[in-house]
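# Coordinate analysis (summary)
Listed here are the chains, written in short residue letters.
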Amino acid sequence: MPTYQSWGRYPAASPTGVLPVVWRSDPPALDRVPGPVLAYACGRSYGDSCLNDGGTLLDVRRLDRLIALDEEAGLLRCEAGATLAAILDVIVPRGWFLPVVPGTRWVSVGGAIANDIHGKNHHRAGTFGRHVTCLELARSSGERIVCTPDEPLFQATVGGLGLTGLILWAELRLKRVPGAGISQERIRFPSLEAFFDLATEDDAYEYTVAWVDCLAGGSRLGRGIYLRGDHAPLDAPHASPLDATRLRVPVEAPAGLINRLTMRAFNEAYYRRQFRRRQWEIVPYAPFFFPLDAVGDWTRLYGPGGFLQYQCAVPDAPAGGPIRSILERISRSNEPACLGVLKRFGDARSPGWLSFPRKGITLAVDFPFRGPRTLTLLDELDAVVRDAGGAVYPAKDARMSAASFSAFFPAAPRLESQRDPKYSSSFWRRVHAA
Ligand SMILES: Cc1cc2nc3c(=O)[nH]c(=O)nc-3n(C[C@H](O)[C@H](O)[C@H](O)COP(=O)(O)OP(=O)(O)OC[C@H]3O[C@@H](n4cnc5c(N)ncnc54)[C@H](O)[C@@H]3O)c2cc1C
């Protein structure tokens, strides 16, 4: 059996069976399948929300056909296993783009709905689920239900962690773009205060995000590189997003390769990599949106223990408030925090009851998994997020407690009321442990 793991390779999980799903006209009958089931698509969730230890996975990667493109209305209908890469390959040369894309193009439409993903344009466009006009669900009872945004089952399914049944297909509202380029500006900023100053200009740009040096402390706390951009024509032949990745990490790095020393050196070099403080250019859309896709198997750099990504969203506050406190705790800790990302979320409401994004600031950081000391730090960060009234992103999580989950997502009992009784995940069982 192929391995079914999550992106962070932590925790390990073993499904007892895997059922491929190939035809939307013929979803698998589940009445004889023992134990809980869960759809598994590209496995780009970092923790255990795509895992079903001791249960059955429905592998939807071959349920990936594009069904119809209405170019008058800008509507695309596709099967749920279609990847964003495959969709972009077809729509960008026709002058269309997906309304929301995450930091990798190797994500399925079903996964994008189940986690109600967000992108660099959250402050303008909100989440992926806001742009889904309808979808079809196969329930374990054999029922097939087409639902629209005004219905409870749709609202439970968007951000519903794959627990309301199997999404067979969805219809998405696309957006017109002038070409395959992005007019991009990169600005080096020296501190968290400077980040907040730049973020006040966010509304003038479609896409904004910042890389942040999570190991810098003192007056350099929160320093980083701000990236902002808008769609633009590109004077170059269409580069397919399906093209093979050019670089690859060939082997698992030894444990400990990523440590505070190597990360400090990397962060310093990355912070200084651009000669001028501000740099402007037109770039193809793929390196702008999906820089990590350029290196295959990069997660091997974290070594055999895998890694955790911590992503939280907290309300904006004077002088940085909870985000400052979180960055201070990370920079003071002994953990080699990597790849920090800061972004301001807007206030566009998602239809999804359990959608993660909320108005304020989001921070995402990778931590090589080093056992209890990593977990202790993340528990400490949870407490800050809880006190601030924020939340931690389930798509990235492998360890939050049941108590934290119910504080972050008070609507969880509503999702439980719409959950298909046959569907569950390692994540759901963990956050419902007594
Ligand atoms: C490098 C990288 C960058 C990322 N950047 C972002 C980002 O910027 N913003 C963001 O929001 N996320 C981001 N993510 C996370 C990723 O977008 C989500 O975890 C996404 O849900 C993964 O989709 P997937 O197709 O891999 O689904 P999986 O990880 O396989 O599954 C995710 C969930 O979707 C459910 N699911 C999948 N298919 C179906 C279906 N057909 N029917 C019902 N349920 C289904 C699964 O049961 C599971 O609960 C990033 C991930 C990576 C690896």
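Preceding block: the structure.
Residues numbered from 1 in each chain as written. Predicted model: local features only at pLDDT ≥ 70, side-chain atom pairs only at ≥ 80, totals over all residues. Heavy atoms only, no water.

### Side note on the nonpolar core
Note the cut-off: Throughout this description, the term nonpolar core refers to a set of buried Ala, Val, Leu, Ile, Met, Phe, Trp, Tyr and Cys residues connected via side-chain atoms within 4.5 Å. A 1.4 Å probe rolled over the protein chains alone gives each residue an accessible area, and that area as a share of the maximum for its type sets the label: buried under 20%, exposed over 50%, partly exposed in between. Whether two residues are in contact is decided by their heavy atoms: any pair within 4.5 Å suffices.
Of all hydrophobic cores here, the largest spans 115 residues; its most connected members are F128, F195, L363 and W428. Dropping the residues within four chain positions of it, L363 is found in contact with V212, Y310, Q311, C312, I323, I326, L327, I330, V341 and L342. Counting 14 residues, the second largest nonpolar core, distinct from the first, contains V21, V37, L63 and A138.

### Describing the environment of P421
Operational definition: The helix count covers DSSP runs of H or I at least four residues long, the strand count covers runs of E at least two residues long, and both are numbered beginning at the N terminus.
Mapping P421 onto the fold places it in the loop between α11 (412–418) and α12 (426–431). With 10 residues separating them along the chain, P421 and A411 place their C-alpha atoms 18 Å apart.

### Observations concerning the sheet that holds strand β4 (residues 66–70)
For clarity, the cut-off: We treat two strands as partners when DSSP finds at least two bridges between them. To get an axis, a line is fitted to the C-alpha atoms, and for a helix only the part in contact is used. The angle between two axes follows their N-to-C directions and goes from 0 to 180 degrees.
As summarised here, the arrangement of the five strands in space is β4-β5-β9-β7-β8, forming an open sheet in which the pairing is antiparallel. The open sheet has two edge strands, β4 and β8 (144–147), and neither has a second partner. Ignoring strand direction, the axes of neighbouring strands in this sheet form an average angle of 10 degrees. Relative to strand β5 (residues 75–79), β4 runs antiparallel, the two being bridged by four bridges. When the sheet's bridge partners are listed, L66 is paired in β5 with C78.

### Quick notes on helix α8 (residues 321–332)
We count it as follows: By this rule, a helix spans an expected 1.5 Å times one less than how many residues it contains.
Helix length check: α8, at 12 residues, gives a terminal C-alpha distance of 17 Å against a target of 16 Å (1.5 Å per residue), a fit within 8%. When α8 is considered as a whole, its buried residues turn out to be P322, I323, R324, S325, I326, L327, I330 and S331. Contacts made by the buried residues of α8 are with α5 (192–199), α6 (260–271), β17 (307–314), β18 (338–345), β19 (360–368) and α9 (372–388).

### Regarding the packing of α8 against α9
As a reminder of what qualifies: Working rule for angles: under 35 degrees goes down as roughly parallel, over 145 as roughly antiparallel, 65 to 115 as roughly perpendicular, anything else as oblique. We call Asp, Glu, Lys and Arg charged. Ala, Val, Leu, Ile, Met, Phe, Trp, Tyr, Cys and Pro are nonpolar, and the rest, Gly among them, are polar.
At their nearest, the axes of α8 and α9 sit 10 Å apart, and the two run at 170 degrees to each other. With respect to their mutual orientation, α8 and α9 come out roughly antiparallel. Touching P322, S325, I326, R329 and I330 of α8 are L377, E380, L381, V384, V385 and A388, all from α9. When grouped by side-chain class, the residues that make up the contact of α8 with α9 number eight nonpolar, one polar and two charged.

### Some points on the site of the ligand
To keep things clear, this is the line we draw: For this purpose, a residue is taken to be near a molecule or strand whenever a single non-hydrogen atom of the residue falls within 4 Å of it. Distance and chemistry together define a polar contact, namely a pair of N or O atoms within 3.5 Å, with one atom able to donate a hydrogen and the other to accept it when in protein, and with adjacent residues in sequence counting only for side-chain atoms on both sides. Only the protein chains shown count as cover for residues, with accessible areas throughout obtained via the Shrake-Rupley method and a probe of 1.4 Å.
Taken together, 33 residues are adjacent to the ligand, and A39, R44, S45, S108 and Y393 come closest. For the ligand, an oxygen atom lies 2.7 Å from a polar atom in the side chain of S45. At 2.8 Å, a backbone N or O of H118 approaches a nitrogen atom of the ligand. Contact with the protein chains hides 96% of the accessible area of the ligand, taken as 970 Å² for the molecule alone. Contributing elements (two or more residues each) for the shell around the ligand: β2 (37–40), α2 (109–114) and β9 (166–173). The residue makeup of the shell around the ligand, split by class, is 19 nonpolar, 12 polar and two charged.

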